[in-house]
Amino acid sequence: MIPRAAERLLVVVGLLLFVTGSSQALYSSSDDVVALTTANFDRTVVKSDEVWVVEFYAPFCGHCRNLVPEYKKAATALKGVIKVGGVNCEEEQGLCGQHGVRGYPTIKIFGANKRSPVDYNGQRTAKDIAEAALAEAKKKIKNVLGGGGGSSSSGGSGSNSGSGSKDDVIELTDANFDKLVLQSEEPWLVEFYAPWCGHCKNLAPHWARAATELKGKVKLGALDATVHQQKMSEYGVQGFPTIKYFPAGTKDRNSAEDYNGGRTSSDIVNWAQDKYTEDIPSPEIVQLTSEQVARDTCEKKPLCVVSVLPHILDCNADCRNGYLKILQEMGDKYKKKEWGWLWTEGGAQLDLESTLDIGGFGYPAMAVVNLKKMKYSLLRGSFSKDGINEFLRDLSFGRGHTAPVKGAELPKIHTVEPWDGKDGQLPVEEDIDLSDVDLDEKDEL
């Protein structure tokens, strides 16, 4: 029987052996798993052009020990194609903390965007790990061939569910932030995130979907605040994710507005579109003077609002300006729709009036044309603010009667002189000399 004192000594010795042995790395220099440390991580992984699979482990972790043979097998299978490394988190606590490691083992794949590695959550077998790594390598190749290698998803998440594309989210850094955002004429939504942040990871797929839906209107960017701390400090970021809006046009660091919307893609899109429409100017109500004017104003628009105003001899400058004021107010009210707005005077574009059945009810008249579908709808109510608003509101909700454009194409647009803003003048009548005419002379049969 072992004396109690000796028993305690054995326990202490065992604990000491466990503690001293626990800091031993799980992989040796003879393995195909590269030992990664704070000193070599950025140079070896982040700044390299190769795809890396990295396991963050702790020697005392039983699951880590069980993974060793499979991880070694994966490293050997991927040799020469993809690099495989390991980080001992007992010795490299700062590095593991930087990458948001909360449990062991944690496996991340550093692919096209090294600042936002993909979390591996598959089976812990050599086959599954290798297949996931090859999939990321394939994505990187696709990005390079498609010219989209400079973008990333935010929050360090590899999720790309839904219709959003990670390629539509622009990766921002301390170095490129001012040039891309502040010196841009376009509006921006910027997410400041941390790779370890759970809320950031949950936001990532929604951020990607919103970026795709807002393409061409508002740019979405993402900045890893754990790496680019200058901008984090400059904009007072104290939690993650923090989202800030930078309006269109000339801007500086004081232009940033805090985002206060929801965190779903629809919330982000709706909030951004409201901001976008606040920033964009009201559409110009353009006189239809030529074919080129018609194309420039309406060719790329979802709908084209065409108004035919009374002839200037039937409606003087004040009268015409009154109608144009109504159209401008309606253009401002519906500017979010991004429609094109044209006007002409009665009789100037008779072919167009005939094609759209305008003029049958007199002037002024209005037709709204969908150039893609070659359909149009006529204003049947009054040409007034209330009448036009009701008409356009119904169209914006998909209501109202439509008809196909005759011949499925618009007619020739005649080139006319633009209105000079003045009242119309009757043509000067030519004087006729009747001195040689004998008014008493009669023709006889």
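Labelled according to an unreviewed UniProt entry, the protein appears under the name Protein disulfide-isomerase A6 homolog, originating from Anopheles quadriannulatus. Its UniProt record, at the heading Catalytic activity (unreviewed entry), says of the protein: "Catalyzes the rearrangement of -S-S- bonds in proteins." What UniProt records for the protein under Subcellular location (unreviewed entry) is the sentence "Endoplasmic reticulum lumen".

S.K.: Help me out: how do you make sense of unusual backbone geometry in this one?
M.R.: Apart from glycine, the bulk of residues carry a negative phi angle, and the bulk of peptide bonds sit in the trans form. Following Tyr-104, the chain continues to Pro-105 via a peptide bond in cis, the omega torsion being -10°. With respect to the element layout, Pro-105 can be found in the loop between α4 (93–98) and β4 (106–110). Here the bond from Tyr-363 into Pro-364 is cis, since omega is 0°, no more than 30 degrees from zero. Mapped onto the fold, Pro-364 is located in the loop between α12 (350–355) and β14 (365–370). Phi at Glu-338 is positive, roughly 60°, even though this residue is not glycine. Position of Glu-338 relative to the elements: it lies in the loop between α11 (317–333) and β13 (340–345). Of note, the phi angle at Ala-408 is positive, near 55°, even though the residue is not glycine. Judged by relative accessible area, Ala-408 falls into the exposed class, the value being 52%.

S.K.: Teacher, can you tell me more about the packing of α11 against helix α13 (residues 385–396) here?
M.R.: The description of two packed helices rests on the angle between their axes and on the distance between the axes. At a minimum axis separation of 10 Å, α11 and α13 run at an interaxial angle of 35°. Classified by chirality, the crossing of α13 by α11 is right-handed. Contacts between α11 and α13 involve Ile-326, Leu-327, Glu-329, Met-330 and Lys-333 from the first element and Lys-385, Ile-388, Asn-389 and Leu-392 from the second. Within the contact of α11 with α13, the residues separate by chemical class into five nonpolar, one polar and three charged.

S.K.: What is the right way to look at the side chain of Thr-106 in this model?
M.R.: Locating Thr-106 in the fold gives a position in strand β4. Residue Thr-106 is classed as buried on the basis of its relative accessible area, which comes to 17%. Only 2.6 Å separates the side chain of Thr-106 from the backbone oxygen of Gly-103, close enough to count as a polar contact. Among all residues touching Thr-106, those that are not within four sequence positions of it are Val-54, Glu-55, Phe-56 and Val-101.

S.K.: Is there a simple way to think about the sheet that holds β13 in this case?
M.R.: Within a sheet, adjacent strands bond to each other through the backbone by hydrogen bonds, running parallel or antiparallel. On the basis of which strands lie adjacent, the open sheet formed by six strands has the order β11-β13-β12-β14-β15-β16 and mixed pairing. At either margin of the open sheet sits one strand with a lone partner, and together these are β11 (286–287) and β16 (403–404). Where β11 lies against β13, two bridges are found, and the strand directions are parallel. Looking at β13, one finds that Gln-287 is bridged to Trp-343. Relative to the sheet, α11 contacts β12 (304–309), β13 and β14, its axis offset from that of β13 by approximately 170°. Across the face of the sheet, α13 comes into contact with β12, β13, β14 and β15 (375–378) while running at roughly 15° to β14.

S.K.: In this structure, what is going on with the pairing of strand β2 (residues 52–57)? I would like to understand it.
M.R.: On a regular strand, each side chain points to the face opposite its neighbour's, so the side chains alternate between the two faces of the sheet. The element β2 is extensively covered by neighbouring structure, given that six of its six residues are classed as buried. By the alternation rule, side chains of β2 split into Trp-52, Val-54 and Phe-56 and Val-53, Glu-55 and Tyr-57, which are all buried. Relative to strand β3 (residues 83–88), β2 runs parallel, the two being bridged by six bridges. Bridge pairing in β3 places Tyr-57 opposite Asn-88. Taking the sense of rotation as the criterion, the β-α-β connection linking β2, helix α3 (residues 62–77) and β3 turns out right-handed. Direction of pairing for β2 relative to β4: antiparallel, over a ladder of five bridges. Following the sheet pairing, Val-53 is matched in β4 by Ile-109.

S.K.: Where do I start with the packing of helix α7 (residues 198–213) against helix α9 (residues 265–279) in this structure?
M.R.: Packing of α7 against α9 leaves a shortest axis separation of 8 Å and a crossing angle of 40°. When the axis of α7 is compared with that of α9, the two are oblique. For the element pair α7 and α9, the recorded crossing hand is right-handed. Between α7, through Leu-203, His-206, Trp-207, Arg-209, Ala-210 and Glu-213, and α9, the contact on the second element is made entirely by Ser-265, Ile-268 and Val-269.

S.K.: Got a minute to help me understand the state of the cysteines in this structure?
M.R.: As used here, a disulfide is simply a covalent bond connecting the sulfur atoms of two cysteines. For the structure shown, the criterion picks out three disulfides. Disulfide partner of Cys-298: Cys-304, at an S-S distance of 1.9 Å. Between Cys-298 and Cys-304, the disulfide has an S-S torsion of 55° and is therefore right-handed. Cys-304 shares its class with Cys-298; the two are buried. With a sulfur-sulfur separation of 1.8 Å, Cys-315 is cross-linked through a disulfide to Cys-319. The S-S bond linking Cys-315 to Cys-319 shows a torsion near -100°; that makes this disulfide left-handed. The class for Cys-315 is buried, based on a relative accessible area of 3%. The connectivity of the disulfide-linked cysteines in the protein, indexed sequentially, is 1-2, 3-4, 5-6.

The rules behind these values
Residues numbered from 1 in each chain as written. Predicted model: local features only at pLDDT ≥ 70, side-chain atom pairs only at ≥ 80, totals over all residues. Heavy atoms only, no water. UniProt positions renumbered as here; feature names shortened; annotations may be inferred. Helix = DSSP H or I, 4+ residues; strand = E, 2+ residues; numbered from the N terminus. Buried < 20%, exposed > 50% of the residue type's maximum accessible area, 1.4 Å probe, protein only. Axes fitted to C-alpha atoms, helices over the stretch in contact; angles between N-to-C directions. Left-handed = near helix turned anticlockwise from the far one by under 90°. Contact = heavy atoms within 4.5 Å. Nonpolar A, V, L, I, M, F, W, Y, C, P; charged D, E, K, R; others polar. Polar contact = N/O pair within 3.5 Å; in protein donor to acceptor, adjacent residues only side chain to side chain. Pairing = 2+ DSSP bridges. Right-handed = clockwise from strand over helix to strand, strands pointing away. Parallel < 35°, antiparallel > 145°, perpendicular 65-115°, else oblique. Disulfide = S-S within 2.5 Å.

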